[in-house]
Amino acid sequence: MTSLTEKLQPGKVNLPSWLSKQLNHLGKVIMPLIGIICFLFIWSLSASNIDTSLGKFPGPSAVVTQLGNLHQEHMDERSKEQAFYVRQDKRNADRVAKDPNYVAKIRSYTGKETFYQQIGTSLITVLSGFLLAAIVAIPLGIAIGLSKSLNSAINPMIQIFKPVSPLAWLPLVTMVVSAVYISDDPMFAKSFVNSMVTVTLCCLWPMVIQTSVGVASLNSDWLNVSRVLRLPAFTHVQKIVLPATVPAIFTGMRSALGIAWMVLIAAEMLAQNPGLGKFVWDEFQNGSSQSLSRIMSAVFVIGLIGFLLDRGMLVLQRTLSWDKTSASL
């Protein structure tokens, strides 16, 4: 039995378990808020003391204002698009009324891409390249992990090309796509294909390496069970290898997706392909009084999207993986 003196030890506070849990949850909310407030204070104070050729460095208030302006620009552009199609439909209806044999011409709206549309373009590009890389890298990684001979044959090429920046591939990708992807009515724009292939190249290596390492480090007891049951190769992969390798596969996929998002923004800036990277570069070249705040707004949006992509992959990993501890970060 605990004595009264032990319960009343100086400096030791005994809280009920429910209260301790509530304080723990509250701390998880308050501490990030304190960190964000401190960051915003330092940013605001530093921005007011930095003068550039385009004026003051944008602080938090300037970024919030510019985000509102970008939203309004999107809404205005959508109103113009709607008015364009209304005028087109009315003009075609009038022509058909005068001449029933007239074939109405339908033209697409050619206004400039808004900030939201450029976000959508970048997301479609990065996810397309990521999925294409996963289709190639995961089976290849499993094959390398299962076969020491294949590992010995392919590993030197992986080690050589893994450190190469994907941006170094961009000029080669652009030339190859221009030479191979020839069509009078292409399904996808060449700029999209260039960016997607560049993203695919940067996603391959993390997924191949993590998958092969996961396969190679399989529990020997599971392999022995497969041998005892004399499972066919495909069944062995389906029932033993793939489920056991899911945590390693997702580790590679999370790493690859983060790298892909960074590489895509740089590729769009370098190649002037549509997307957030091109938005940042265009604003830099524009050099208006609002350019810095628009660039800073894009930087925050890029960071937020990257965070959401990682969290989304983490949720998917926790849903599909049996090893919940590997999805704790």
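Residues numbered from 1 in each chain as written. Predicted model: local features only at pLDDT ≥ 70, side-chain atom pairs only at ≥ 80, totals over all residues. Heavy atoms only, no water.

1. Considerations on the domain arrangement of the protein
As a reminder, the rule being used: Start and end points for every domain follow an automatic or database-based domain assignment. Contacts are assigned to residue pairs that have any heavy atoms within 4.5 Å of one another. The term buried area denotes the loss of accessible surface (1.4 Å probe radius) that occurs when two parts are joined, taken as the sum for both partners. Here, a salt bridge means any side-chain nitrogen of Lys or Arg that lies within 4 Å of a carboxyl oxygen of Asp or Glu.
Partitioning the protein into structural domains gives domain 1 (56–98) and domain 2 (115–321). Once you take the C-alpha centre of each, domain 1 and domain 2 turn out to be 34 Å apart. Tallying the contact residues gives 12 residues for domain 1 and 11 residues for domain 2. Across the domain 1 to domain 2 interface the summed buried area is about 1,100 Å²; carbon plus sulfur atoms make up 67%. Three residues stand out in domain 1 for area buried against domain 2, namely Val63, Gln66 and Leu70, and they jointly supply 44% of the buried area on that side. Inspection of the domain 1/domain 2 interface yields 1 salt bridge.

2. Considerations on the nonpolar core
Put simply, the rule is: Nonpolar cores were defined as sets of buried Ala, Val, Leu, Ile, Met, Phe, Trp, Tyr and Cys residues, with membership established by side-chain atoms within 4.5 Å. Partly exposed residues are those whose accessible area sits between 20% and 50% of the maximum for their type, while under 20% is buried and over 50% is exposed, using a 1.4 Å probe and protein chains only. Secondary structure elements follow DSSP: runs of H or I of four or more residues count as helices, runs of E of two or more count as strands, with numbering from the N terminus.
Within the largest apolar cluster, 45 residues are counted, with the highest numbers of intra-cluster contacts made by Phe115, Phe130, Cys203, Met207, Met253, Trp261 and Leu276. Listed by contribution, the elements that provide at least two residues to this core are helix 4 (115–146), helix 5 (148–161), helix 7 (190–216), helix 9 (233–271), helix 10 (276–286) and helix 11 (291–320). Top contributing element to this core by residue count: helix 9, with 13 residues. Each residue touching Trp261, except ones within four places of it in the same chain, is listed here: Ser122, Leu123, Val126, Leu276, Ile302, Ile305, Gly306 and Leu309. By size, the runner-up hydrophobic cluster in this structure holds 5 residues, among which are Val177, Phe192, Val193 and Met196.

3. A few points about the side chain of Gln118
Looking at where Gln118 falls in the secondary structure, it is placed in helix 4. Not counting residues within four places of it along the chain, the set of residues in contact with Gln118 comprises Glu113, Gly275, Leu276 and Phe279.

4. Some details on the packing of aromatic side chains
Stated formally: Paired rings are identified among Phe, Tyr and Trp, the last through its six-membered ring, by centres lying within 6.5 Å, and are further divided according to the angle between planes into stacked (under 30 degrees), edge-to-face (over 60) and tilted (the rest).
Inspection of every chain in the model, using the stated rule, returns 8 aromatic pairs. An angle of 15° between the planes, with centres 5.0 Å apart, marks the rings of Trp43 and Phe300 as stacked. One end of the pair, Trp43, is in helix 2 (residues 17–47); the other, Phe300, is in helix 11, with 257 residues separating them in the sequence. Overall, the relative accessible area of 10% leaves Trp43 in the buried class.

5. Thoughts on the confidence of the model for the protein
We apply this condition: Within a predicted model, pLDDT stands for the predictor's per-residue confidence, ranging from 0 to 100.
Per-residue pLDDT for the protein has a mean of 83; in total, 91% of the residues score no lower than 70. Across the protein, the secondary-structure element scoring lowest on mean pLDDT is helix 1 (residues 4–7), at 46, and the one scoring highest is helix 4, at 92. Across residues 1–9, where pLDDT falls below 50, the model places 2 contacts with residues more than four positions away in sequence or in other chains.

6. Details of helix 6 (residues 166–180)
Under the convention used in this document: Any helix carries an expected span of 1.5 Å times its number of residues minus one. We define the bend at each residue as the angle formed by axes fitted to the 7 residues ending at it and the 7 residues starting at it.
The end-to-end C-alpha separation of helix 6 is 20 Å, in line with the 21 Å expected for 15 residues at 1.5 Å each. The largest bend along helix 6 measures about 30° and falls at Leu172. Summarising the contacts, the buried residues of helix 6 are in contact with helix 7 and helix 9.

7. Here's the deal with the pattern of salt bridges
Side chains that carry opposite charge are capable of pairing whenever their charged atoms lie near each other. For the structure shown, the criterion picks out 7 salt bridges. The salt bridge involving Arg78 is made with Glu81; its shortest N-O contact spans 2.6 Å. In this pair, Arg78 and Glu81 are both assigned in helix 3 (residues 60–98), 3 residues apart and thus about one turn of the helix distant. Given a relative accessible area of 22%, Glu81 falls into the partly exposed group. A salt bridge links Arg294 to Glu283; its shortest N-O distance comes to 2.9 Å. Of this pair, Arg294 sits in helix 11 while Glu283 sits in helix 10, and the two are 11 residues apart along the sequence. Neither residue differs from the other here; Arg294 and Glu283 are each classed as buried. Via salt bridges that share partners, Glu73, Glu283 and Arg294 belong to a single interconnected network.

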